[in-house]
Amino acid sequence: MISHARHLQADPCIIREVVATALAEDIGPGDITSELCVPPDRKGQGQFVAKEAGVLAGLEVAEECFRQLSPAVTFQARKQAGQSFESGEVLAEVAGLARTLLTAERTALNFLQRLCGIATLTRQFVGAIEGSEAVIVDTRKTTPGLRALEKAAVRAGGGQNHRFALYDAILIKDNHICIAGGVGSAIQRARHGASAHLKIEVETTSLQQVQEALEAGADIIMLDNMDPQMMGQAVEIIGDQAIVEASGGVTLDNVAQIAATGVDLISVGRLTHSAPAIDISLELRA
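Rules of the game
Residues numbered from 1 in each chain as written. Predicted model: local features only at pLDDT ≥ 70, side-chain atom pairs only at ≥ 80, totals over all residues. Heavy atoms only, no water. Helix = DSSP H or I, 4+ residues; strand = E, 2+ residues; numbered from the N terminus. Buried < 20%, exposed > 50% of the residue type's maximum accessible area, 1.4 Å probe, protein only. Contact = heavy atoms within 4.5 Å. Phe/Tyr/Trp six-rings, centres within 6.5 Å; stacked < 30°, edge-to-face > 60°. Salt bridge = Lys/Arg side-chain N within 4 Å of Asp/Glu carboxyl O. Pairing = 2+ DSSP bridges. Axes fitted to C-alpha atoms, helices over the stretch in contact; angles between N-to-C directions.

**Considerations on the overall build of the protein chain**
- Summing up its helical and strand segments, the protein chain has 11 helices and 12 strands in all.
- Each principal axis of the C-alpha atoms in the protein chain carries an extent, and together these give about 70 × 40 × 25 Å.
- Looking at the protein chain residue by residue over its 286 residues, the buried ones come to 48%.
- When contacts within the protein chain are restricted to residue pairs at least 6 apart in sequence, long-range pairs at least 24 apart make up 71% of them.

Below, the structure is given as structure tokens:
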């Protein structure tokens, strides 16, 4: 169920496609302000400067924003993905035609601030459960079109990736259970039609459903929105018969208590749907 990708960056092909779409949205028929105010041969250089502390992710996406407008741009990273930075630190330097720098500036910053925010929040969750056996994982609650980038940012923050999409893992949720006629029925149907390499995960909300999932042979059992006491009871019932995932209502205030119940995975939707952007500026000069 977890993708153990070692790379802290998204696929370059995906980055190119996402950046092209973002630039087209922002530039449209042209950057009229830069075209009117800046001579075409004027050169410039700039520094990406952190205005607050964080964890770096997405610098390669920011670089691609400039390169798609001008391959001649020079871009020098001063930090690597996954590294922490403090307020005032220079994260990267860029140089080239001033129009290119000005036109790509906002798009590059939008990506960089967003992805650093995800990496930073992920690092906070990972740090909050340090010393436990649990692993922080993400969800599919990502920005449409940016999933690969946001999941790479989670990895940069020290978390791991849950399934990427609907096609690469079986996760039977409450609505599947309702329509299929119960936990056992849903698992049996999935087992009958699934490839042998696919693990089957099922969402449970009660100890009765946990027992049904075990009896039906689930590989991973999700404990959804259970309080820590019930979660601990579920972990005891499951033992080593299945991987145990905690999900729902996970915050920095309660994640350590959840980890203490003995679960294997803790999925956190807010890593990608609620991470605050990190304040970063691009300081340009001619």
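Let's pick the thread back up.
**With respect to the packing of aromatic side chains**
- Enumeration over the complete set of coordinates arrives at three aromatic pairs.
- Their ring planes at 35 degrees and their centres at 6.4 Å tell us that Phe-66 and Phe-75 sit as a pair that is tilted. Summarising the burial analysis for this pair, Phe-66 and Phe-75 share the class buried.
- Following the ring pairs from residue to residue traces out a cluster consisting of Phe-48, Phe-66 and Phe-75.

**Re the pattern of salt bridges**
- Summed over the entire model, instances satisfying the criterion amount to eight salt bridges.
- Close ionic contact of Glu-89 with Lys-79 constitutes a salt bridge, the shortest N to O distance being 3.3 Å. One end of the pair, Glu-89, is in the loop between β4 (84-85) and β5 (90-97); the other, Lys-79, is in the loop between β3 (74-77) and β4, with 10 residues separating them in the sequence.
- The exposure class assigned to Glu-89 is partly exposed, which follows from its relative accessible area of 26%.
- Look at Lys-79 and you get buried, because its relative accessible area is 17%.

**A look at the sheet that holds strand β10 (residues 243-247)**
- With respect to topology, six strands assemble into an open sheet ordered β6-β11-β10-β9-β8-β7, the strand pairing being parallel. Looking at the sheet topology across the chains shown, the edges are occupied by β6 (135-137) and β7 (170-172). With direction set aside, neighbouring strand axes in the sheet form an average angle of 25 degrees.
- Relative to strand β11 (residues 265-267), β10 is paired through three bridges, and the arrangement is parallel. Paired with Glu-245 across the bridge in β11 is Leu-265.
- Lying over the sheet, helix α8 (residues 207-216) contacts β8 (200-204) and β9 (220-224), oriented at roughly 165 degrees with respect to β8.

Just geometry here; none of it tells us what the structure is for.
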